[in-house]
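Coordinate inspection notes
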Amino acid sequence: ETMSAVFTNARSLAIVSENTLHVMAVSALKSSSHEVPTILTSTTDGVYVCAAFSPRGNIFCIANDKKKLFVYETASWTVKQTLTYDKRLSAVCITADEMRVVTADKAGDIALYDLQSEQLTATIIAGHVSMLFDLALVAGEQLLVSADRDEKIRFSFFPAAYDIHAFGLGHTGMVTSVTALPHHPSLLMSGSSDGTVRLWSIRDGSLTSTMSIPLTTLALTAEESVPSETHTKRENVEEGEGRGEGESDEDSQDENTPFVLRLAGCSTLPLVAVVIAHSPIVLVLAAGPEGMHTHHTIAAPAPVWAAVFVESILCLSTSSTEHSLVFFDLAGPAPVLLPAFARTAGTPCALVQTSLLARHQVEDMTQEYFSRKEERQSKQKRTAEDTPTAEQAKRACE
């Protein structure tokens, strides 16, 4: 099944589908015409795996699985530089001054490239022991946030990322996406394969709020909806809340848990769109210091793979060839479905990066995660069985 993702710098829409990059002018979307001129169509060997706009939108980076990273100047949409690396990348972000590129790879290494240097060699600035899924620069680029497959979020000082500021611990599945909240810069939101989105304090990495994605999102169609749920500050943070008696956090997660694929923040409204794997349902959450609640529930015509905001307009990239891009205006009290290539305005969006994961990759990673967790639980069980209890140890001493 063809996967696609969409990015914007408010001047252009960059649409990625497997090995093809299409770039279209946002200015043309303001007209009533459905004919949107293509600025660029480019193909690559293999498939694209991750991409990002710089915060100011003048640089666009996109990497393929052949270990090449292409750096575009968006004024002319020409390739400025081509970087090579040793391992396949899984995430990329660009500093605000557009002079440095930060990359993460499947081996867990974080590298820094200086675009001003004549020798474009990678400097490894940090490492995880497992695959990384997302990166974000927060707190005025003083901190680098990295999310990995082993349930952890790391807050590191930037660029000296070997110096760890804090850990965000609480997820029980792969941490697939992180995003800062433009309206609440002291908070970070994360999504995971454990079926939850969580809010973290950037100041100390503490967990402030947790919201579980309703299981019904996995089976909903465009004619159905999800009831709104409110989650206040600290709600569900306490260990064991909301579980059945004797049920652990590990036991409560299974293959049917909603897999949070991506998060998309809005720069003009205090909203975050939550994309769920294999689901046409996108939850739009209102988030802040007091917690999170479902603000809108949007049903697309096909499963959604990516989302991006341009002002109050939410653009969804779906797996449908007939409705590959769907637009909703969220400025009013209810979402309004707009015609294809709906009118948008030219302000920067909050989402500037995402990993590009096809359905088979999501399924493979999910299966691998549960296999790893089963092995870990079996090892812990064997260790517990081999370790004598206090009473057994006492008897042995006697």
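Note that the structure is a prediction, hence the values are computed from the model and not measured.

Conventions and cut-offs
Residues numbered from 1 in each chain as written. Predicted model: local features only at pLDDT ≥ 70, side-chain atom pairs only at ≥ 80, totals over all residues. Heavy atoms only, no water. Helix = DSSP H or I, 4+ residues; strand = E, 2+ residues; numbered from the N terminus. Buried < 20%, exposed > 50% of the residue type's maximum accessible area, 1.4 Å probe, protein only. Areas by Shrake-Rupley, 256 points an atom, 1.4 Å probe, with all protein chains shown as cover. Patch = residues over 30% accessible without salt bridge, like charges linked within 9 Å, V, L, I, M, F, W, Y side chains within 5 Å. Salt bridge = Lys/Arg side-chain N within 4 Å of Asp/Glu carboxyl O. Pairing = 2+ DSSP bridges. Axes fitted to C-alpha atoms, helices over the stretch in contact; angles between N-to-C directions. Core = buried A, V, L, I, M, F, W, Y, C linked by side-chain atoms within 4.5 Å. Contact = heavy atoms within 4.5 Å. Phe/Tyr/Trp six-rings, centres within 6.5 Å; stacked < 30°, edge-to-face > 60°. pLDDT = per-residue confidence, 0-100. Polar contact = N/O pair within 3.5 Å; in protein donor to acceptor, adjacent residues only side chain to side chain.

Scanning the protein chain for helices and strands turns up two helices and 30 strands. For the protein chain, with 398 residues in total, the buried portion stands at 52%. Working note: accessible area of the protein chain is about 17,400 Å², and carbon and sulfur atoms make up 50% of it.

What follows concerns a nonpolar patch on the surface. Taken together, the side chains of Ile 164, Phe 167 and Leu 169 define a hydrophobic patch exposed on the protein surface, amounting to about 260 Å² of accessible area. Structurally, the position occupied by Leu 169 is in strand 16 (residues 164-169).

To continue, consider the pairing of strand 9 (residues 89-94). Burial runs high along strand 9: six of the six residues are buried. With antiparallel pairing between neighbouring strands as the criterion, strand 9 and strand 10 (residues 100-105) make up a hairpin whose turn holds five residues, including Glu 98 at a positive phi of roughly 60°.

Taken in spatial order, the four strands line up as 17-18-19-20 in an open sheet, and their pairing is antiparallel. A single partner strand is all that each edge strand has here, and the edge strands are strand 17 (175-181) and strand 20 (207-212). Neighbour-to-neighbour, the strand axes of this sheet turn through a mean angle of 20°, independent of strand direction. As judged from the six bridges shared by strand 17 and strand 18 (residues 184-192), these two strands associate in the antiparallel manner. Note on strand 18: the bridge partner recorded for Thr 179 is Met 189.

With that out of the way, let us pick up the pairing of strand 5 (residues 48-53). Most of strand 5 is tucked away: six of the six residues are buried. Bridging between strand 5 and strand 6 (residues 59-64) involves five bridges; their strand directions are antiparallel. If you follow Ala 51 over to strand 6, its bridge partner there is Ile 62. From the end of strand 5 to the start of strand 6, which pair antiparallel, there are five residues, and Gly 57 there has a positive phi angle of about 85°.

Right, let's get into the nonpolar core. For soluble globular proteins, nonpolar side chains are generally found buried alongside one another. One finds Ile 298, Leu 314, Leu 316 and Leu 330 to be the most contacted residues of the largest nonpolar core, which totals 25 residues. Of all the elements in the fold, those that place two or more residues in this core are strand 22 (260-265), strand 23 (271-276), strand 24 (281-288), strand 26 (304-310), strand 27 (313-318) and strand 28 (325-329). The dominant element in this core, judged by the number of residues it contributes, is strand 26, at four residues. The residues contacting Leu 314, other than those within four sequence positions of it, are Ala 273, Val 282, Val 284, Ile 298, Ala 307, Val 308, Phe 309, Val 326, Phe 327, Phe 328 and Leu 330.

What follows deals with the sheet that holds strand 12 (residues 123-127). Ordered in space as 9-10-11-12, the four strands form an open sheet in which the pairing is antiparallel. Single-partner strands in this sheet number two, and they are strand 9 and strand 12. In this sheet, adjacent strand axes meet at a mean angle of 25° when their direction is disregarded. Relative to strand 11 (residues 109-114), strand 10 runs antiparallel, the two sharing five bridges. Within strand 11, the position partnered with Val 102 by the bridge is Leu 112.

The subject of this paragraph is the packing of aromatic side chains. In this structure the tally under the stated criterion is six aromatic pairs. Relative to Phe 60, the ring of Phe 7 lies with its centre 5.9 Å away and its plane at 65°, an arrangement referred to as edge-to-face. On the criterion of sequence distance, the pair formed by Phe 7 in strand 1 (residues 4-8) and Phe 60 in strand 6 is long-range, its members being 53 residues apart. For the pair shown, Phe 7 and Phe 60 are each scored as buried. Members of the aromatic cluster, each reached through a chain of ring pairs, are Phe 7, Phe 53, Phe 60, Tyr 72 and Trp 77.

To continue, consider the confidence of the model for the protein chain. Looking at the protein chain, pLDDT values average 79 and 75% of them are 70 or higher. Counted against residues more than four places away or in other chains, residues 341-359, with its pLDDT under 50, gives 87 contacts.

Right, let's get into unusual backbone geometry. The residue after Phe 158, namely Pro 159, is reached through a cis peptide bond having omega 10°. Following the sequence through the fold, Pro 159 ends up in the loop between strand 15 (152-157) and strand 16. Although it is not a glycine, Lys 67 sits at a positive phi angle of roughly 65°. Position of Lys 67 among the secondary structure elements: in the loop between strand 6 and strand 7 (68-73). We classify Lys 67 as partly exposed; its relative accessible area is 37%. Phi is positive for Glu 151, close to 75°, though the residue is something other than glycine.

Under the criterion given, the structure shown has five salt bridges. Measuring nitrogen to oxygen at the nearest pair gives 3.7 Å for the salt bridge that ties Asp 194 to Arg 198. Each member of the pair Asp 194 and Arg 198 is classed as buried.

In this section: the environment of Val 274. Position of Val 274 relative to the elements: it lies in strand 23. Under the relative-accessibility criterion, Val 274 is labelled buried at 0%. In this structure Val 274 touches Val 197, Ile 213, Val 260, Arg 262, Leu 263, Ile 281, Val 282, Leu 283 and Leu 285, once residues within four positions along its chain are discounted.

Tracing the chain through its elements places Ser 130 in the loop between strand 12 and strand 13 (132-138). In contact with Ser 130, other than residues within four places in its own chain, are Lys 106, Ala 107, Gly 108, Asp 148, Arg 149 and Asp 150.

So, on to the side chain of Asp 148. For Asp 148, the position within the fold is in strand 14 (residues 143-148). By relative accessible area, Asp 148 is classed as buried at 0%. Here Asp 150 takes part through its backbone nitrogen, which lies 2.9 Å from a polar atom of the side chain of Asp 148. Polar contacts involving the side chain of Asp 148 include one to the main-chain amide nitrogen of Lys 152, which spans 3.1 Å. In this structure Asp 148 touches His 128, Ser 130, Met 131, Leu 132, Phe 133, Met 174 and Val 175, once residues within four positions along its chain are discounted.

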